[in-house]
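This is what each chain is made of:
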Amino acid sequence: MLIISFFKKASVVALGLPLLCSSLSAAEFISIGTGGPTGVYFVVGNSVCRMVHKEAAEGRKSGRKHGLRCAAPSTGGSNYNIGQIKEGELQFGVAQSDWQYHAVNGSSKWEGKKFGDLRAVFSVHPEPFQLIASSSSGINSWEDLKGKVVNIGNPGSGQRGTMEVLMKAKGMSVSDFKQATELTSSEQVGALCDGKVDAIAYTVGVPNGAIGQAIDGCGAHFVNLNSNVEKKLVNENPFYAFANIPAGTFYKEQKNDAVTFGVMATFVSSADVSAEIVYEVVRAVFENLDDFKKLHPAFTNLDPKQMITNGLSAPLHEGAINYYKEQGWM
Ligand code: GLU
């Protein structure tokens, strides 16, 4: 029933009848929080919008004609996105699976700020946590970061949060560094290549253009993160897994395999967003998954069965469940 009334509204909009303004509740314009413009989240958000618009009312003689309009601006990243969804400023966002877990459980950075209405929609690509050091830094292990200039990331980004978790687990704080900078993901590679910082951290899908610029463009290298500290993190937390970025595969100048731990990129929303809207977004993505997968090489291995389970710790949104059940996936 609800779905039908939703379409009615949408078709009024499509015809441009006088009801146009009043029938467009704010929620019919959806905003998706992403990350820095050089990251993969930005591509996720804009690819979702592209699929949604493909099915929108205009220009379609037949088939789906919903009234959703979508925007996916660049943002500060995972925790920023979750916070803005909680405030009702964003309807969807991309977020690391560790921060999805902590937000819905009120743990770690989200202690005292639990967001119980956070909803999982689907997961996307794996994101290894990548520590990269410049060629002149002399950094070959985590311990070598002591006394160096390290970019810990902008507040709100997923990598900033995960870097803080790792620092704590390693018994280190920013005072162990010569300087801790807070550059965004799109600023940090330039700073690394210009010698302004010695190391950067980035939780991002593989391959990523900015990482390529660091490894292939200015001779930077991955620092392995596979000591007992990371093993303990992976063993104790369901949202972490070890990841391997094989040498010379995604980045020509990468000499050795990189071993590190990582998370999943996930697509999240709020229980406050209607089931009809979430259903349409999910439907647009899965009905067009082959097209979606072509929009970034990090999406190549996306598989619906895994996308509806992997890395999801918040309850699935009702609108997503409706679609997954309809498909016989649940
Ligand atoms: N994982 C990063 C974050 O949570 C963003 C990565 C990206 O933009 O692709 O902030």
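Residues numbered from 1 in each chain as written. Predicted model: local features only at pLDDT ≥ 70, side-chain atom pairs only at ≥ 80, totals over all residues. Heavy atoms only, no water.

1. Notes on the site of the ligand
Note the following rule: Near is defined per residue: the residue qualifies when any heavy atom it owns lies within 4 Å of the molecule or strand. Any pair of N or O atoms that falls within 3.5 Å is considered a polar contact. Within protein, one atom must be able to donate a hydrogen and the other to accept it, and sequence-neighbouring residues count only if both atoms are side-chain atoms. For the area figures, the Shrake-Rupley method with a 1.4 Å probe applies, and any residue is considered shielded solely by the protein chains shown. Runs of E in the DSSP output that reach at least two residues are strands. Runs of H or I that reach at least four are helices, and both are numbered from the N terminus.
The ligand sits among 13 residues. The nearest are V40, Y41, S78, G158 and T203. Separating an oxygen atom of the ligand from a backbone N or O atom of Y41 is a distance of 2.8 Å. Residue G158 places a main-chain N or O atom 2.8 Å away from an oxygen atom belonging to the ligand. Relative to its free-state accessible area of 300 Å², the ligand is covered by the protein chains to the extent of 98%. Contributions of two or more residues to the shell around the ligand are made by α6 (158-169) and β7 (199-203).

2. Digging into the nonpolar core
This is how the line gets drawn: Nonpolar cores were defined as sets of buried Ala, Val, Leu, Ile, Met, Phe, Trp, Tyr and Cys residues, with membership established by side-chain atoms within 4.5 Å. Exposure categories follow from relative accessible area, calculated using a 1.4 Å probe and restricted to protein chains: below 20% of the type maximum is buried, above 50% is exposed, and the middle band is partly exposed. Any two residues whose heavy atoms approach within 4.5 Å are treated as being in contact.
In this structure, V48, F92, F122, F267, F286 and Y324 are the most contacted members of the largest nonpolar core, which totals 72 residues. If sequence neighbours within four positions are ignored, Y324 has contacts with V121, F122, V282, F286, I308, L316, W329 and M330. If you look at the next biggest cluster of nonpolar residues, it comprises 23 residues, including A133, I139, M172 and V263.

3. With respect to the state of the cysteines
Threshold: Any two cysteine sulfur atoms within 2.5 Å of one another count as a disulfide.
In the structure shown here, the tally under the stated rule is 2 disulfides. Disulfide pairing places C49 opposite C70 at an S-S distance of 2.1 Å. The sign of the -65° torsion about the S-S bond sets the C49-C70 disulfide as left-handed. Pair noted here: C49 is in helix α3 (residues 41-54) and C70 is in strand β2 (residues 69-71), with a separation of 21 residues, a long-range link.

4. Digging into the pattern of salt bridges
The line we're drawing: Salt bridges are identified by distance alone: a Lys or Arg side-chain nitrogen within 4 Å of an Asp or Glu carboxyl oxygen.
Within this structure, the stated rule accounts for 10 salt bridges. Its salt-bridge partner being E164, residue R160 comes within 2.7 Å of it at the nearest N-O pair. In this pair, R160 and E164 both sit in helix α6, 4 residues apart, roughly one turn of the helix. Overall, the relative accessible area of 31% leaves E164 in the partly exposed class. For R160, a relative accessible area of 11% puts it in the buried group. One network of salt bridges, with partners in common, ties together K109, R160, E164 and E182.

5. Structural notes on the confidence of the model for the protein
Using the following cut-off: For every residue, the predictor states its confidence as a pLDDT score lying anywhere from 0 to 100.
Averaged over every residue, the pLDDT of the protein is 91; residues scoring 70 or more account for 90%. Note on residues 1-27: pLDDT under 50 across the span, and 28 contacts to partners over four residues away in sequence or across chains.

6. Some details on the side chain of Q91
With respect to the helices and strands, Q91 occurs in the loop between α4 (78-86) and β3 (92-96). Judged by its relative accessible area of 13%, Q91 falls in the buried class. At a separation of 2.9 Å, a polar atom in the side chain of Q91 contacts the main-chain amide nitrogen of S31. Every residue in contact with Q91, bar those within four places of it in the chain, is listed here: F29, I30, S31, I85, V268, S269, S270 and V273.

7. Observations concerning the pairing of strand β1 (residues 29-33)
Let me state the cut-off plainly: When DSSP locates at least two bridges between a pair of strands, those strands are taken to pair.
With 3 bridges joining them, β1 and β2 adopt parallel strand pairing. Residue pairing for β2: S31 is matched across the bridge by A71. The pairing of β1 with β3 spans 2 bridges and is classified as parallel. Within β3, the position partnered with G33 by the bridge is G93.

8. Topic: the packing of aromatic side chains
Selection criterion: Working definition: rings of Phe, Tyr and Trp (its six-membered ring) pair if their centres are within 6.5 Å, and the pair is stacked with planes under 30 degrees apart, edge-to-face with planes over 60 apart, and tilted otherwise. Geometrically, a lysine NZ or arginine CZ counts as sitting over a ring once it is within 6 Å of the ring centre and also within 35 degrees of the ring normal.
Applying the stated criterion across every chain yields a total of 16 aromatic pairs. Between Y240 and F261, the aromatic rings sit 5.2 Å apart at their centres with planes inclined by 90°, giving edge-to-face as the arrangement. Of the two residues, Y240 is situated in the loop between α9 (228-236) and β9 (241-245) and F261 in strand β10 (residues 258-270); the sequence distance between them amounts to 21 residues. Neither residue differs from the other here; Y240 and F261 are each classed as buried. Sitting above the plane of the W110 ring, K113 keeps its charged end 5.3 Å from the centroid.

9. Points about the environment of S186
Mapped onto the elements, S186 comes out in helix α7 (residues 185-193). A sequence separation of 147 residues divides S186 from G39, and the C-alpha atoms of the two residues are 7.6 Å apart. Ignoring sequence-local partners within four residues, the contact set of S186 consists of P37 and T38.

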